[in-house]
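One-letter residues, chain by chain:
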Amino acid sequence: MSGVELCDLTGSELTAKIRAGEITAVELVDATLTRLGAVDDRLSAFLTPTPEVARERAEELDTYLATGAPQSGVAGIPTALKDVFTTKGIRTTCGSKILQDYVPPYDATAWARLSGAGSVLVGKTNCDEFAMGSSNENSAFGPVRNPWDLERVPGGSSGGSAAAVAAGAAVWALGTDTGGSVRQPASLSGVVGFKPTYGRISRYGLIAFASSLDTVSTFTRSVRDAATLLGVLAGRDPRDATSLDAEVPDYLDGLDAGVQGLRVGVLTEAFGDGVEPDVASSVRAAVDRLEGVGATVGEASLPHAEYALSAYYLIAPSEASSNLARYDGVRYGLRKDGSDSIEMMFRTRGAGFGAEVKRRIMLGTYALSAGYYEAYYGQAQKVRTLVIRDYERAFESFDVLVSPTSPTTAFPIGAKVDDPMAMYLNDIFTIPANLAGTPAISVPCGLDSAGLPIGIQLAGPILGEQALLRAAAALEGELALDLRPPLLAA
Amino acid sequence: MPVEIDIEHVAKLARIELTDDERAMLRDQLGIILDHAAKVGEVAADDVPPAASAIPRSNVFRDDVPEPSLSQEAALANAPEHVDGRFRVPKIADTGP
């Protein structure tokens, strides 16, 4: 497995090969499924691989392509989905015992759009239960391992999608980013993780965690692929009232136009205590490279960012406590019998939810309860306003804000499971963009002294995806890293 | 200073059965997390309006036209128990003497 195979290429490279008739969709999906089979006993990135569905779809597609019909930039590309997206007829668990046997009767809009454009589903990926976590250790079905070091976490909550893309078990994957759940695992796993503006992509069929923060997001091995995916995924959906009406531009147009004159603000507070020295120096070096190709660099600040974590850990659990009330043993999911319906609900939820989910439901229930609502949830919503204003002010002076994506590289499995606060601090640099709804992307910018990937985060203003992707593409091209996890060299 | 929480009461509101060990662990952990979260009170002044969403939208309607929906069979397919086209649950009230 030491050579580069089809499944190690980017989506845009593969699309070119398919269009030129050099490869078929079946050859590509077979290469990807072979890789998946070879690595996943070690990674546990997938909860439900879908090889039969994938082969059948690829065969259909080859027949269709043979007619010379026009094809989308996602056609034939082997895709993985975090197991929080509903897939019609395919088990969708949210990494939870409470949905262990749930088979949705409908497709999520995000998947329906990709599938409609010819993408091939290779499987549903492991994740923290209901997307709550930063290490993928909260999955009811066991942790995912990082392809860069099997004793370390891939990050979370979309850890399975990150590991799958890093290891070539999918060419790209969808995840969800509520407080950093795509950008942080992308950073720890050495791939590109892109969270667009809140509402840019429909959440219909994304099983809800915190509805005002949940954002469909992508894992890819290039910025160009992130732009390609957004072009297919973005747009208004009548089934999601929070999806935005804004026109969907061609995100590939001008992607390689460079950063001449782009104003880059370095978030000074994001280089303080708790940031590993290798991470800080790698991110600073990447900023220098942007400056070297024409960007102007200055110091920026989000003064209330230090309160964002506190606000997030009130707002997200509050919304979760409400959203997860639906798991009551009545209409779907696990049921544990009781002498009456109320006892049945208590027992079902006690048996079906894992420790982190219970922690957050309890936290949110408390923050919303009579006598505490104003002091916790109400105050957190005010802090959210302050964070939004911070971004608005910063974007008066800068086009893009940069920071490390995560304060650390991948940490050992088990290192933080008994200390929720330490785990929550992983997301300190990613959470503010969720509170403000702004787009942000994590791009690999180097390796630390132990050979683990480091990610730089670039953030843009609301609906500023084009300039943001252009900056990310320029940086990626300038760094020209060849990232191949040791797992694949073995 | 960790916040003191009535775990029994909150678990009752959340309809979650907890073991003794879980109650003890949650009492400690939630106290620490809420102590940290209470920082929001330091900066949230009275003149700052609350934000429920980063991009507020209101009154988003579609045209009032009937559309196909799930069949009864599909809607019941995942039910732990169903009977005569309806979800079946344990008794919800004592029927009295």
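What counts and what doesn't
Residues numbered from 1 in each chain as written. Chains lettered and ligands numbered in written order. Predicted model: local features only at pLDDT ≥ 70, side-chain atom pairs only at ≥ 80, totals over all residues. Contact = placed C-beta atoms within 7 Å. Helix = DSSP H or I, 4+ residues; strand = E, 2+ residues; numbered from the N terminus. Nonpolar A, V, L, I, M, F, W, Y, C, P; charged D, E, K, R; others polar. Expected span 1.5 Å × (residues − 1). Buried ≥ 20, exposed ≤ 12 C-beta atoms within 10 Å, placed from the backbone. Pairing = 2+ DSSP bridges. Right-handed = clockwise from strand over helix to strand, strands pointing away. Axes fitted to C-alpha atoms, helices over the stretch in contact; angles between N-to-C directions. Parallel < 35°, antiparallel > 145°, perpendicular 65-115°, else oblique. Left-handed = near helix turned anticlockwise from the far one by under 90°.

**Structural notes on the interface of chain B and chain A**
Here's step 1: Across the boundary between the two partners, chain B contributes 44 residues, which contact 59 residues of chain A.
Here's step 2: The element contributing the most residues to the side of chain B that touches chain A is helix α2 (residues 20-37) of chain B, with 8 residues.
Here's step 3: Its residues assigned to classes, the side of chain B that touches chain A comprises 32 nonpolar, 5 polar and 7 charged.

**Quick notes on helix α15 (residues 465-479) of chain A**
All names here are of chain A.
Here's step 1: The end-to-end C-alpha separation of α15 is 21 Å, in line with the 21 Å expected for 15 residues at 1.5 Å each.
Here's step 2: Taken as a whole, α15 has its buried residues at E465, Q466, L468, L469, R470, A471, A472, A473, A474 and L475.
Here's step 3: Looking at the buried side of α15, the elements it contacts are α7 (223-233), α8 (277-292), β9 (400-404), β10 (440-447) and β11 (453-459).
Here's step 4: Of the residues trailing α15, A480 is marked for its positive phi of about 45°.

**Observations regarding the pairing of strand β8 (residues 296-300) of chain A**
All names here are of chain A.
Here's step 1: Relative to β8, strand β7 (residues 263-267) is paired through 5 bridges, and the arrangement is parallel. Following the sheet pairing, R263 is matched in β8 by T296.
Here's step 2: Handedness of the crossover is the feature at issue here: the chain leaves β7, passes through α8, returns alongside β8, and the resulting connection is right-handed.

**Some points on the pairing of strand β4 (residues 172-176) of chain A**
Residues and elements named next belong to chain A.
Here's step 1: Extensive coverage of β4 is indicated by the burial of 5 of its 5 residues.
Here's step 2: Pairing of strand β2 (residues 78-82) with β4 involves 3 bridges; the strand directions are parallel. Looking across to β4, one finds that T79 is bridged to W172.
Here's step 3: Relative to strand β6 (residues 216-220), β4 runs antiparallel, the two sharing 4 bridges. Paired with G175 across the bridge in β6 is S217.

**Here we look at the environment of B:L26**
Here's step 1: Topologically, B:L26 is positioned in helix α2.
Here's step 2: The buried category is assigned to B:L26, around which 22 C-beta atoms lie within 10 Å.
Here's step 3: Considered as a pair, B:L26 and B:I7 are 19 residues apart in the sequence and their alpha carbons are 7.6 Å apart.
Here's step 4: Dropping the residues within four chain positions of it, B:L26 is found in contact with A:R359, A:M362 and B:I7.

**A word on the sheet that holds β4(A)**
Residues and elements named next belong to chain A.
Here's step 1: The 11 strands are arranged β1-β3-β2-β4-β6-β5-β10-β11-β9-β7-β8 in an open sheet whose pairing can be described as mixed. Where the open sheet ends on each side, the last strands, each with one partner, are β1 (46-49) and β8. Across the sheet, the axes of successive neighbouring strands diverge by a mean angle of 25°, strand direction being ignored.
Here's step 2: Contacting β7, β8 and β9, helix α12 (residues 374-397) crosses the sheet at an angle of about 135° to β7.

**Brief notes about the environment of A:G156**
All names here are of chain A.
Here's step 1: Among the secondary structure elements, G156 is positioned in the loop between β3 (120-125) and α5 (159-166).
Here's step 2: You can call G156 buried: it has 33 C-beta atoms within 10 Å.
Here's step 3: For the pair G156 and A186, spaced 30 residues apart in the sequence, the C-alpha separation amounts to 8.9 Å.
Here's step 4: Excluding its chain neighbours within four sequence positions, the residues that come into contact with G156 are C127, D128, G133, S134, S135, N136, S181 and P185.

**Considering the packing of helix α2 (residues 25-43) of chain A against helix α3 (residues 51-65) of chain A**
Residues and elements named next belong to chain A.
Here's step 1: Packing of α2 against α3 brings their axes to within 8 Å, and their N-to-C directions diverge by 160°. One way to sum up the angle between α2 and α3 is to call them roughly antiparallel. Crossing handedness for the pair α2 and α3: right-handed. Counting all contacts with α2, which are made through A25, V26, V29 and L33, the residues of α3 involved are P51, A54, R55, A58, E59, L61, D62 and L65.
Here's step 2: Grouping the constituent residues of the contact of α2 with α3 by class yields 9 nonpolar, no polar and 3 charged.

So, to be careful, I would describe these as geometric facts and stop short of saying anything about function.
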